[in-house]
Amino acid sequence: GQNIDQPTEMTATEGAIVQINCTYQTSGFNGLFWYQQHAGEAPTFLSYNVLDGLEEKGRFSSFLSRSKGYSYLLLKELQMKDSASYLCAVSSSNSGYSTLTFGKGTMLLVSP
Amino acid sequence: GAGVSQSPSNKVTEKGKDVELRCDPISGHTALYWYRQRLGQGLEFLIYFQGNSAPDKSGLPSDRFSAERTGESVSTLTIQRTQQEDSAVYLCASSLESYEQYFGPGTRLTVT
């Protein structure tokens, strides 16, 4: 099975940089996703990493190290609207099925 | 060009009743997922459909839960003899193969 760990809560101030870590244990790894979920809303896609290294997309970047079972999401120039839950999700392929397992999410609170 | 839609958006039912939740995926998406999200919790995988393959039902919590999908179109999640612990938001997502999942708005189920 899969085991995904990420911090429960984080706080940061507007304009700052925050890094949300995610560690995982899985077999048949074939990619890691980060999703953003605002309260009462469905998750929306942020990033996808399948190879080691950093993927940058505007204010958001995501890093993956497959050998360490580790990823992080980096948010720069934080804005109040970035207050949300950030979900790390691991895609794995076993027995012909490819499934996505979500962590419990990291609730980020951005304060003025 | 519509996204994933789900109905109803809200459902209140009495304990012991059966409920049926509907998901219309994005046209052309071969994969369809159902998740459950209890208040303040992460996403819990329920079931996964991929094309015409047999579904991965490994996440269904009990035999009261079942789901069907007609080809690569609409899916229904049925919960029989509902219990209070079934109260949650039920999210449906679709994707092309195992790539980025697009989530519907969810159905909020309340069992009284």
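For the structure itself, look to the data block above.
Here the structure is a predicted model, which means the values were calculated and not measured. (Residues numbered from 1 in each chain as written. Chains lettered and ligands numbered in written order. Predicted model: local features only at pLDDT ≥ 70, side-chain atom pairs only at ≥ 80, totals over all residues. Heavy atoms only, no water.)

### Describing the overall build of chain A
Next up, step 1: Check the secondary structure of chain A and you find zero helices and eleven strands.
Next up, step 2: The order of α-helices and β-strands along chain A, N terminus first, is β-β-β-β-β-β-β-β-β-β-β.
Next up, step 3: For chain A, whose C-alpha radius of gyration is 14 Å, the value lies close to the compact-globule estimate of 13 Å for 112 residues.
Next up, step 4: Seen through its principal axes, chain A has C-alpha atoms that stretch 50 × 30 × 20 Å.
Next up, step 5: Counting across all 112 residues of chain A, residues that qualify as buried make up 46%.
Next up, step 6: Sequence separation of at least 24 residues holds for 56% of the intrachain contacts in chain A that already meet a minimum separation of 6.
Next up, step 7: Total accessible area computed for chain A in this model is approximately 5400 Å², and 50% of it derives from carbon and sulfur atoms.
Next up, step 8: Across chain A, 7 positive and 9 negative side-chain charges occur, with their mean positions spaced 5 Å apart. (Helix = DSSP H or I, 4+ residues; strand = E, 2+ residues; numbered from the N terminus. Rg over C-alpha atoms; globule rule 2.2 N^0.38 Å. Buried < 20%, exposed > 50% of the residue type's maximum accessible area, 1.4 Å probe, protein only. Contact = heavy atoms within 4.5 Å. Areas by Shrake-Rupley, 256 points an atom, 1.4 Å probe, with all protein chains shown as cover. Lys, Arg positive; Asp, Glu negative; His and termini not counted. Charge placed at Lys NZ, Arg CZ, Asp CG, Glu CD.)

### A look at the sheet that holds strand E3 (residues 18-25) of chain A
Residue and element names in this part refer to chain A.
Next up, step 1: If you walk across this open sheet you meet the five strands as E1-E3-E8-E7-E6, and the pairing is antiparallel. Every interior strand has two partners, whereas the edge strands, strand E1 (3-5) and strand E6 (53-57), have only one. On average, each strand axis in the sheet is inclined to that of its neighbour by 15°, with strand direction left out of account.
Next up, step 2: With five bridges connecting them, E6 and strand E7 (residues 60-65) associate as antiparallel partners. Directly across from Glu 55, in E7, lies its bridge partner Ser 62. (Pairing = 2+ DSSP bridges. Axes fitted to C-alpha atoms, helices over the stretch in contact; angles between N-to-C directions.)

### Examining the sheet that holds strand E1 (residues 5-7) of chain B
In a beta sheet, neighbouring strands are held together by backbone hydrogen bonds and run either parallel or antiparallel to one another.
Residue and element names in this part refer to chain B.
Next up, step 1: Strand order in this open sheet of four strands is E1-E3-E7-E6, and the pairing throughout is antiparallel. At either margin of the open sheet sits one strand with a lone partner, and together these are E1 and strand E6 (65-69). Across this sheet, the average inter-strand angle for adjacent strands is 15°, counted without regard to direction.

### Regarding the pairing of strand E4 (residues 29-37) of chain A
All names here are of chain A.
Next up, step 1: In terms of burial, E4 is largely enclosed, as seven of its nine residues are buried.
Next up, step 2: Strand direction decides the pairing type here: E4 and strand E5 (residues 44-49), joined by five bridges, are antiparallel. Its bridge partner lying in E5, Leu 32 is registered against Asn 49.
Next up, step 3: In sequence, E4 turns back onto E5 through a hairpin of six residues, with Gly 40 there showing a positive phi of about 80°.

### Regarding the interface of chain B and chain A
Next up, step 1: On the chain A side, the residues contacting the 19 residues of chain B number 16 residues.
Next up, step 2: Between chain B and chain A, a total of about 1400 Å² is buried, with carbon and sulfur atoms accounting for 60% of that surface.
Next up, step 3: Taken together, the links from chain B to chain A amount to two residue pairs in polar contact (both at pLDDT 80 or more).
Next up, step 4: For the side of chain B that touches chain A, the element with the highest residue contribution is strand E4 (residues 31-37) of chain B, accounting for three residues. (Buried area = accessible area lost by both parts, 1.4 Å probe. Polar contact = N/O pair within 3.5 Å; in protein donor to acceptor, adjacent residues only side chain to side chain.)

### Comments concerning the packing of aromatic side chains
The geometry of an aromatic ring pair is captured by the separation of the ring centres together with the interplanar angle, meaning the angle of the planes.
Next up, step 1: Applying the stated criterion across every chain, the model contains 16 aromatic pairs over all chains.
Next up, step 2: Arranged with centres 5.6 Å apart and planes meeting at 55°, the rings of Tyr 35 of chain A and Phe 102 of chain A form a pair that is tilted. Linking Tyr 35 of chain A in strand E4 with Phe 102 of chain A in strand E10 (residues 97-102), this pair joins segments that are 67 residues apart in sequence.
Next up, step 3: When the ring of Phe 102 of chain A is compared with that of Tyr 35 of chain B, the centres are 5.3 Å apart and the planes differ by 90°; the resulting orientation is edge-to-face. Taken together, the residues Phe 102 of chain A in strand E10 and Tyr 35 of chain B in strand E4 connect one chain to another. Tyr 35 of chain B shares its class with Phe 102 of chain A; the two are buried.
Next up, step 4: Members of the aromatic cluster, joined through ring pairs, are Phe 33, Tyr 35, Phe 45, Tyr 48 and Phe 102 of chain A together with Tyr 33, Tyr 35, Phe 45, Tyr 48 and Phe 103 of chain B. (Phe/Tyr/Trp six-rings, centres within 6.5 Å; stacked < 30°, edge-to-face > 60°.)

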